[in-house]
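# Summary of structural features
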Amino acid sequence: MIRYIFRRLAAGVVLLLVVTMVVFAIFFLVPRLAGIDSDGLAARYIGKSPSPEAIAAVKERLNLDEPITVQYWEFVSGLVMGQEYDSGTDIIHCDAPCFGYSFKTNTEVWPQLLERLPVTGSLAIGAAVIWLVAGVSIGVLSALRRGSLLDRAAMMTALAGVSLPIFFTGLVSLALLSYYWPIFPPGGSYTDFTENPLAWAHGLVLPWVTLAFLYAAMYARLTRAGMLDTMGEDFIRTARAKGLPERTVVTKHGLRAALTPIITIFGLDFGLMLGGAVLTESTFSLPGLGKFAVDAIRGSDLPVVLGVTMFTAVFVVIANLVVDVLYAWVDPRVRVGA
Amino acid sequence: MTAPLDVPGAAEEAQPEAVAQTGGTRDRGRSLGQIAWMRLRKDKVAMTGGAFVVLMALVALFAPLIVSLLGHPPNQWNREMIDPALGTPMGPMGGMSGEHLFGVEPVTGRDIFSRIVYGARISMLIGFLATLVSVVIGTFMGIIAGYFGGWVDALISRLMDIFLAFPLLLFAMALVGVLPDAAFGLQDNALRIAILVFIIGFFNWPYIGRIIRGQTLSLREREFVEASRSLGASNFYILRKELLPNLVAPILVYSTLLIPTNILFEAALSFLGVGVEPPTATWGGMLSEAVDYYDSAPNFMLAPGLAIFLTVLAFNLFGDGLRDALDPRTQS
Amino acid sequence: MRKKWLGLAAAGTSVAMLLSACGGGGGNGEGGGDYSVDNSAISSIVDQSKEQGGTLKLAHSDQFDSLDPGNTYYAANWDFTRLYARTLVTYPQKPGDKGQEPIPDLATDLGEVSDDGLTWTYTLKKGLKFQDGSKITSEDVKYAIARSNFAPEVLNKGPNYFFQLLDAGDYKGPYKDDNLDNFTGVTTPDDRTIKFHLKKPFAEFDYLAAMPQTSPVPADADTGTQYQTNVVSTGPYKFESEWTPGQTLTLVRNEHYDPSTDPLTRNRPDKIQVQWKQEENDRDKRLINGDLHVDVAGLGVEASARQDILRNEDLRANADNPQTGFLLYFAINPNVEPFDKKACREAVLYGADKTAMQGAWGGTIAGDIATNMLPPSIKGYKPIDPYGTKGQKGSKKKVEAALKECGMPDGFSTNISYRSDRDKEKKTAEALQQALQQYGIKTDLKGYPAGTYTSEQAGSPEFVHREELGIIAYGWGADWPSGYGFLSQIMHGDSIKPAGNSNLSELDDPEVNKLLDESVQTEDPAARAEIYAEVNQLAMESATFLPYLNQKALLYRPEELSNVYFSEAYKMYDYSALGLEQ
C-alpha cells in the first residue's frame, strides 16, 4: 500500500510538472510565438497603460529577455521556493507557494486566492452533495426500473439537463425566483458562513441547484449506464443465486461496482470546480475564484489569471491523487494492477 | 474494401463500449449502414433530433436569405424601438411583433430573430470544426495507443488523463487574453475563430481518443487482423485498411455527441466575453448582454438560451439514437 | 430505447411562464415618460447639518488603483484621499462653479509666484502633525513629490506633471538616490517653506498643488508600492490597522488632526468603511435601501437600478444626474488615408448619428450630446457646433457634398478602434458604423483590451498608421478643472508620443500649440478662458475630433446622508463633506 501511494505521488508530481509546462507555454511561449516581443508581453502583465520604466522592471522580474529554458526554470522555482519583488524601498518576499504578484494592484496573488476559496468551496461542496445524492439515486432507480415511465422521464430530464448551458439556467432561475418571485436574493449577494449560516445557505441555494442540475443529469446518466452493465455481470447472478435479498445485491454488490468509475470522475470534476466554477460564479456574480479570473481577464491583470489557472491545476492533481488512493483502499486489485 | 463483419457476437459482452463492429450475422445480406438506418428510422425521438439538426444547419447556411425574408440585417440598429431614457424596448413583450419576431435588443433595438439566425452560423461552424480537430487527433492517438500497446499506450493514456485534468475554460480565456489581434497570418475574427477551434478541438481530443483506443484494443485481437498480420501486412497497412474502416461507426457516433459539447463550450466562451468579436452575433454573447436585463427583457435571454438548448438537445438526441442504432446491445 | 417528449414539454412550460412574468413585470414602459430627477445636490448642499458621529459606509465595484496618495490617477480616489491625506491646496466645499476654485489647505496661502514665473512658493501652516504626533515639515512634502514623480519604475500609476515641469536635472528618484538634497526641483529653505523650481512658467500651478501627490510622506515610513497598506495620515481620519488590498478599509478618527488648521469641515462621521469588489447590481440595491451610503467610484448606478430609480417618484427625489466632466469622442486621424483630406473627415462628422451614440451609453440620462471639445463646466466653454446636423442625427446632403469634395463620392473604407472590454464604447462604435454605412463609408470594428489600448494600439501612432485606424474611440476628463488641464493632453502637438499617446488625432497645429503654451503663462483666469475658447474653435475646425457626449451619471443619495453636494472639482459627491443624520 505504501509503495502504491508512493508511486501515485510520484505520478502526481510528474503530472504537476507537465501542467506547469502547459501553463507556462500558454502564458509565456505562445504569445511570443504569436509575435509579441518581450516589451509587449511585459505590458500585458502590468495592464493599464504602463510606463517604459515599469515595463523594464517587470521584464526583469519575469526574466522575459532570458532564454526560454531559464524563464521556465524561474517560473517553476518561483512557485516552489518563493519569489522576491522590489517595492522600491524594500524587498517583498512572496513566500512559497508563490502564485505570482499582481503588478496592477501591487499585491501577492496567493492571499487573494485563499480569500476567495471559501466562496468557491461553499459553492462546490453544496452543489456536489446535491448532485451526488440526486444523480446517483436517480441513476440507480432508473437502472432498476429500466423502461418504466420513471426511467424515461428521468433520462429525458437528464438529457435536457446536459443540454442546458448553465449560464442560461442560472439566468432563468434568477429571473423567476429572485426577480419575479423574490424568494432568493439577487446575484452578487454572498454572506460568509461564519457571519450568518442561514443567509449563507439562502444566498447559495440558486447557484447550488443550478450547478447541481447539470452535474446530477450527467451523473444520473453515468450511474444508470454503469448499473445496467454491472447488474448483468456474473457476480450479481451469483449473488442472486445464493439467495441474497435483492436489496443487498443492489446496494452491496451492484452499486459498489458501478460507483467506482463515478468516483474517478467525481474527483476530477470536484478538483476542477474548486479552481472556480467560472460560469456559475459569473452568472450569479459570486466572488469566488472563477469570477476572480474572469474579472482579471477583463481588467488585464494577467498574473491573477495565471495564479488561478495554476491553483486549479494543483487542485485537480490533488483530487486525482486522493481518488487514486481511495480507490486502492476500496478495491485491493488496483494496487496490484497499477 | 470494408472488412467482412460476420464475426460472432461473443466479444460484445466483454467490451462494454463496443459499438457496431458486428451485427452482420443476424441480418445476412444487409450492410451495417442499412441496418442502422432501419433502426434509426423507427426511433422517432432521434429522427426529430436529426431533423432539427438539419434545420439548424440549413438556417446557418441560408442565414442571409432567411433574414432578408423574415427579419432585419442583424447588425442594424432600430433606435425607434427603444425608450430613450430607459434604454429598454418599447411595446409589449420586449418589442415582439410581426416585424420583430423575437423582439428587439435593449439599447440598440437590433432584431433578435436575425441575430439568432446569424448566431447559428458561428455555433455550427465552431462546433463542427472543433470536433473535426478532436476527431483527427483523437483517432490518430487512439489507434496508435490501442494497436501498439505497451509503453506507447501507457504514454498516450497518461497524456489523455492529463488533458482531461486541465481547466479548459481558464486556458481558453488566458490564451485569448495574451494573444495579439493578428498572429499566425490571421487577424480579427478569423484569428479568433481559429483560436477557438484550436483550443476546443485540441483539448477535447482525449474524449474521442479513449473510445478509439478501447475499440482498437478489441479489434486488434480479431481474426481478420491476425490474418492480415500473418500474411505479412505492414502495421501501416493494417491500421489504415483493416482497423480504420471498422472504426468509422464509433467515430461517427462520438463526433455527433461531441459537437453539442463543443457548441456549449463556444457559447460559454462568448458568454465570458472571449469568443468571437462583436458586432458578430453569437448566442453566448447575446446571453451575456441579457444578464443586465433579465428582469426587464426576458425575451432577450430566452431567445439565445433556447436556441442553444434546442440545438444541443437535438444533437444529443440524434447522437444517442445513432449510438443505439449502431450498437446491437441496446436494442429493445 | 424509447423516448418521449417530456423534456421538451417541460421546456415549453417554462417559456410560457417567463413570458407571462414579463407581461406582468412591467419591463415595457410606454416610452418618453417624464424621468426628470431632483438634481438639487448639484446646485445646493442637501441636508446641511453640523451633527457628528455614525459610520459612513462606502462601496466600490472594483478597487482603487492604489490608496497611496502618490500613486493614484482615479478622480474618485483624489476625492477620497482627502479624508486621510491633506494637500498643499484643495477645493472648497461649495456647490457649483465656486467649488472649482483652489483654496489653501496645508499651506497658509495659494502659491506665490516669482516675477519670472519660474518659482512657486508655499508656506506650511503652524501646528500640522502626522498621525503619530510628529511635526509635518516641508521636507516631507518634498519627499512626496520626489517619490511620486521621479520613480516611475516603482510608483507608476499617478500623473507626472511635476516631473515634466520641475527643473530637476537627471534626478533618479528617492529609491535609487537616497540623498534627497540631490533633488533640486523642490527646495526647502526652512521647515515650513517649499519652493518649486520650474523649467518654464506655469500659471495653473495651484491646481497641481491640489493633487494628492503633494500630501506629505515621512521618508522613513515609505514602503514604496506597499505604502498603500499603511498610509501615514495627515487628515481627520487614519487607517484603523494595516490594510490588505481587497479587504474592507476602515478609517477611524486621527487624534492628532487639528480642525482649526483645516479650511474644510471633513470630520463628521466617527468611522468610515469602504468595501471593495462589490457586485454592481447588489451595490445599487443596497444603496437604494440605505444599507450603503455612497458608491465611492462615483460613476453612478447601473442599468437595472437606473430603471428602478427613474420609474419611482420617491427615488427620483433623492437622485442627481450631473455631468461628469468626461467628454466622449472619436479622434479622426489625419495621417490615415483617406482622412488626410479634410473633406473626408468632414463626411464622418456630418454622417454621425449622435442620438444613436447617446443611446449606446444609455440614453438621455447617460449624457448630453456634445457638439465641441470643451465640457460645459470648464471656463471658456461656448456652445459652438460647427458640424451640427438637424436633430444631431447626421445629414445625408452634407455627407454627400463632403464625399464629393474629398473625391470619393461613393464612399470609402476605414477602421474604427475601441476598447473591447468597455461595452458601451463597443456599442458606440457599432452605432457609428451603422450610421456611416448608409453613406457608403464602410468601417471595420477593431477592439483592443483597455489595458494596452493607450500603450500599444490607439496610443501608438506607428500602430495606428500601420493598422489604418482612421477613427479611434476615446474619452477624456480633465486632471484639473481648467481648459489647459483638459485640452493640452489631447491636442497639443508636444503631447504626441510614440507610446502612451493621448493626442489620438495627432493634431500638431502651430496655432493651437502656441495658444496653449501662452495660456499657462497668462495669469488672468478670464484671459485664459478666452484662449481656451479659441483653441476649442480651432480644434473643431481641424475636423479631427468627433465629440458626441458630455457624460452624465445617475447618482443616488440615501436619506441618511447629510451635507451632500456635487463637487465640480471632482465631478462626484464631495466625500470629505458627508455626514450622517443621527
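Residues numbered from 1 in each chain as written. Chains lettered and ligands numbered in written order. Predicted model: local features only at pLDDT ≥ 70, side-chain atom pairs only at ≥ 80, totals over all residues. Heavy atoms only, no water.

Glancing now at the nonpolar core. Within the largest apolar cluster, 169 residues are counted, with the highest numbers of intra-cluster contacts made by Phe-27, Phe-28 and Phe-75 of chain A. Here this core gathers at least three residues from each of two domains, domain 1 (2-106) and domain 2 (110-336) of chain A. Core analysis: the second largest hydrophobic core is formed by 153 residues, Leu-166, Ala-352, Tyr-439 and Leu-516 of chain C among them. (Core = buried A, V, L, I, M, F, W, Y, C linked by side-chain atoms within 4.5 Å. Buried < 20%, exposed > 50% of the residue type's maximum accessible area, 1.4 Å probe, protein only. Domains from an automatic or database assignment.)

Frequently, the measure chosen for interface size is the accessible area removed from exposure when the parts meet. Across the contact, 43 residues belong to chain B and 52 residues belong to chain A. Taking both sides of the interface into account, the surface hidden between chain B and chain A amounts to around 4000 Å²; carbon and sulfur atoms contribute 80%. When the buried area of chain B at its contact with chain A is split by residue, Leu-170, Val-178 and Tyr-294 of chain B rank highest and sum to 16% of it. At the boundary of chain B and chain A, one finds one salt bridge. Ionic pairing is found between Arg-221 of chain A and Asp-320 of chain B, a salt bridge with its closest N-O pair at 3.5 Å. Along the contact surface separating chain B from chain A lie two residue pairs in polar contact (both at pLDDT 80 or more). Taken together, the elements giving at least two residues each to the side of chain B that touches chain A come down to α6 (150-164), α7 (168-178), β1 (182-183), α10 (235-271) and α12 (298-326) of chain B. Take the side of chain B that touches chain A: its biggest share by element is eleven residues, from α12 of chain B. (Contact = heavy atoms within 4.5 Å. Buried area = accessible area lost by both parts, 1.4 Å probe. Salt bridge = Lys/Arg side-chain N within 4 Å of Asp/Glu carboxyl O. Polar contact = N/O pair within 3.5 Å; in protein donor to acceptor, adjacent residues only side chain to side chain. Helix = DSSP H or I, 4+ residues; strand = E, 2+ residues; numbered from the N terminus.)

Before going further, it helps to spend a moment on the environment of Tyr-573 of chain C. Residue and element names in this part refer to chain C. Structurally, the position occupied by Tyr-573 is in strand β22 (residues 572-573). Relative accessible area serves as the criterion here: at 4%, Tyr-573 is assigned to the buried category. Separated by 278 residues in the primary sequence, Tyr-573 and Asp-295 place their C-alpha atoms 9.7 Å from one another. Aside from chain neighbours lying at most four places away, what touches Tyr-573 is Ala-41, Asp-79, Asp-320, Leu-555, Tyr-556, Arg-557, Val-564, Tyr-565, Phe-566 and Ser-567.

According to the stated counting rule, one finds 56 aromatic pairs over all chains in the structure shown. Geometrically, the ring pair formed by Tyr-474 of chain C and Trp-476 of chain C is stacked, given 6.1 Å between the ring centres and 25° between the ring planes. When sorted by exposure, Tyr-474 of chain C lands in the same class as Trp-476 of chain C, which is buried. Through successive ring pairs, a cluster of aromatic residues spans Phe-163, Phe-171, Phe-198, Phe-202, Phe-203 and Trp-205 of chain B. Positioned above the aromatic ring of Phe-292 of chain A, the side-chain terminus of Arg-116 of chain A is 3.9 Å from the ring centre. (Phe/Tyr/Trp six-rings, centres within 6.5 Å; stacked < 30°, edge-to-face > 60°. Lys NZ or Arg CZ within 6 Å of the ring centre and 35° of its normal.)

Three or four residues apart is the spacing at which side chains of an α-helix point the same way, because the helix has 3.6 residues per turn. Residue and element names in this part refer to chain A. Counted at 1.5 Å a residue, the expected span for helix α7 (residues 166-180) with its 15 residues is 21 Å, and the 20 Å between its end C-alpha atoms agrees. The largest bend in α7 is about 25°, located at Leu-174. Burial analysis of α7 places twelve of its 15 residues in the buried class, which makes it a mostly covered element. Listing the buried residues of α7 in full gives Ile-166, Phe-167, Phe-168, Thr-169, Gly-170, Leu-171, Val-172, Ser-173, Leu-174, Ala-175, Leu-176 and Ser-178. (Expected span 1.5 Å × (residues − 1). Bend = angle between axes of the 7 residues up to and from the residue.)

Attention now moves to the pairing of strand β13 (residues 323-332) of chain C. Residue and element names in this part refer to chain C. Extensive coverage of β13 is indicated by the burial of eight of its ten residues. The pairing of β13 with strand β18 (residues 545-552) spans six bridges and is classified as antiparallel. Residue pairing for β18: Leu-328 is matched across the bridge by Leu-549. In terms of strand pairing, β13 meets strand β17 (residues 471-477) through seven bridges, oriented antiparallel. (Pairing = 2+ DSSP bridges.)

Right, let's talk about the interface of chain C and chain A for a bit. Every contact between the two is made by 40 residues of chain C and, on the other side, 40 residues of chain A. Taken over both partners, the interface formed by chain C and chain A buries close to 3300 Å², and the fraction arising from carbon and sulfur atoms is 57%. Between the two partners, chain C and chain A, sit zero salt bridges. Remark: the boundary between chain C and chain A carries three residue pairs in polar contact (both at pLDDT 80 or more). Of all elements in the fold, only α1 (6-25), α7 (280-288) and α14 (450-453) of chain C reach the threshold of two or more residues within the side of chain C that touches chain A. Examining the composition of the side of chain C that touches chain A, we find that six residues originate from one element, α1 of chain C, more than from any other. Split into classes, the residues belonging to the side of chain C that touches chain A amount to ten nonpolar, 17 polar and 13 charged. (Nonpolar A, V, L, I, M, F, W, Y, C, P; charged D, E, K, R; others polar.)

Strand pairing within a sheet occurs via backbone hydrogen bonds; the two strands may be parallel or antiparallel. Residue and element names in this part refer to chain C. Ordered by their spatial adjacency, six strands build an open sheet running β14-β18-β13-β17-β15-β16, and the pairing between neighbours is mixed. Strands at the two margins of the open sheet, each flanked by one partner only, are β14 (367-369) and β16 (442-448). Averaged over all neighbouring strand pairs, the angle between strand axes comes to 25°, with direction disregarded. Running over the sheet, helix α13 (residues 423-437) touches β13, β15 (413-419), β16, β17 and β18 and is turned about 165° from β15. (Axes fitted to C-alpha atoms, helices over the stretch in contact; angles between N-to-C directions.)

Attention now moves to the packing of α7 of chain A against α12 of chain B. Look at α7 of chain A against α12 of chain B: their axes get within 10 Å of each other, and the N-to-C directions meet at 145°. Note that α7 of chain A runs across α12 of chain B; the crossing there is left-handed. On α12 of chain B, the residues that touch Phe-167, Phe-168, Leu-171, Val-172 and Ala-175 of chain A of α7 of chain A are Met-301, Leu-302, Gly-305, Leu-306 and Ile-308 of chain B. Among the residues forming the contact of α7 of chain A with α12 of chain B, the class breakdown is nine nonpolar, one polar and no charged. (Left-handed = near helix turned anticlockwise from the far one by under 90°.)

On to the pairing of strand β10 (residues 271-275) of chain C, then. Residues and elements named next belong to chain C. By the alternation rule, side chains of β10 split into Ile-272 and Val-274, which are all buried, and Lys-271, Gln-273 and Gln-275, of which none is buried. Summarising the sheet, strand β1 (residues 55-59) and β10 pair through five bridges and their orientation is parallel. Residue pairing across strands places Ala-59 opposite Gln-275, the latter belonging to β10. As defined by bridge partners, strand β9 (residues 249-253) adjoins β10 across four bridges and the pair is classed as antiparallel.

Residues and elements named next belong to chain A. Within the fold, Gly-290 resides in helix α12 (residues 289-298). The class of Gly-290 is buried, set by a relative accessible area of 0%. Note: C-alpha distance between Gly-290 and Leu-279 (eleven residues apart in sequence) is 7.5 Å.

A packed helix pair is summarised by two numbers, namely the angle formed by the two axes and the spacing between the axes. Residues and elements named next belong to chain C. For the pair helix α16 (residues 483-491) and helix α18 (residues 525-541), interaxial distance at closest approach is 11 Å and the crossing angle is 30°. One element, α16, and the other, α18, form an angle in the roughly parallel class. You can see that α16 and α18 cross each other, and the crossing is left-handed. Where α16 abuts α18, its residues Gly-483, Tyr-484, Leu-487 and Met-491 lie against Tyr-532, Val-535 and Ala-539. (Parallel < 35°, antiparallel > 145°, perpendicular 65-115°, else oblique.)

Let us now look at the domain arrangement of chain C. All names here are of chain C. Domain boundaries assigned for chain C yield domain 1 (55-261) and domain 2 (324-552). A C-alpha centroid distance of 33 Å is found between domain 1 and domain 2. Contact with domain 1, which involves 15 residues of that partner, is made by 16 residues of domain 2. When domain 1 packs against domain 2, close to 1400 Å² is buried across both sides, 50% of that on carbon and sulfur atoms. Taken together, the links from domain 1 to domain 2 amount to two salt bridges. We note a salt bridge from Lys-379 to Glu-101, for which the minimum N-O separation is 3.2 Å. Our enumeration of links across domain 1 and domain 2 arrives at nine residue pairs in polar contact (both at pLDDT 80 or more). Class assignment for the residues of the side of domain 1 that touches domain 2 results in eleven nonpolar, one polar and three charged.

What follows concerns the state of the cysteines. Residues and elements named next belong to chain C. Tallied over the full model, the rule gives one disulfide over all chains. Residue pairing for Cys-344: its cysteine sulfur links by disulfide to Cys-406, the two sulfurs lying 2.0 Å apart. On the S-S bond that ties Cys-344 to Cys-406, the torsion sits near 70°, and the link is right-handed. Taken as a pair, Cys-344 in helix α10 (residues 342-351) and Cys-406 in the loop between α12 (396-405) and β15 lie far apart in primary sequence, 62 residues in all. Each member of the pair, Cys-344 as well as Cys-406, is classed as buried. (Disulfide = S-S within 2.5 Å.)

Residues and elements named next belong to chain C. Within the open sheet, the five strands sit side by side as β8-β9-β10-β1-β11. Their pairing is mixed. The sheet is open, and its two borders are formed by β8 (237-239) and β11 (294-295), each paired with just one other strand. Strand direction decides the pairing type here: β8 and β9, joined by three bridges, are antiparallel. Residue pairing for β9: Tyr-237 is matched across the bridge by Arg-253.

With that out of the way, let us pick up the domain arrangement of chain A. Residue and element names in this part refer to chain A. Its domain assignment divides chain A into domain 1 (2-106) and domain 2 (110-336). Taking only C-alpha atoms into account, the centre of domain 1 sits 32 Å from that of domain 2. Across the contact, 26 residues belong to domain 1 and 25 residues belong to domain 2. Interface of domain 1 and domain 2: buried area, both sides summed, is about 2200 Å²; carbon and sulfur atoms make up 76% of it. Considering only the surface of domain 1 that becomes buried against domain 2, Tyr-4, Phe-27 and Phe-99 emerge as the three largest contributors, covering 32% of it. Between the two partners, domain 1 and domain 2, sit one residue pair in polar contact (both at pLDDT 80 or more). Elements with a contribution of two residues or more to the side of domain 1 that touches domain 2: α1 (2-33), α2 (38-46), α4 (68-81) and β3 (101-102). Here the side of domain 1 that touches domain 2 gets 13 residues from one element, more than from any other, and that element is α1. Taken together, the residues of the side of domain 1 that touches domain 2 break down into 17 nonpolar, five polar and four charged.

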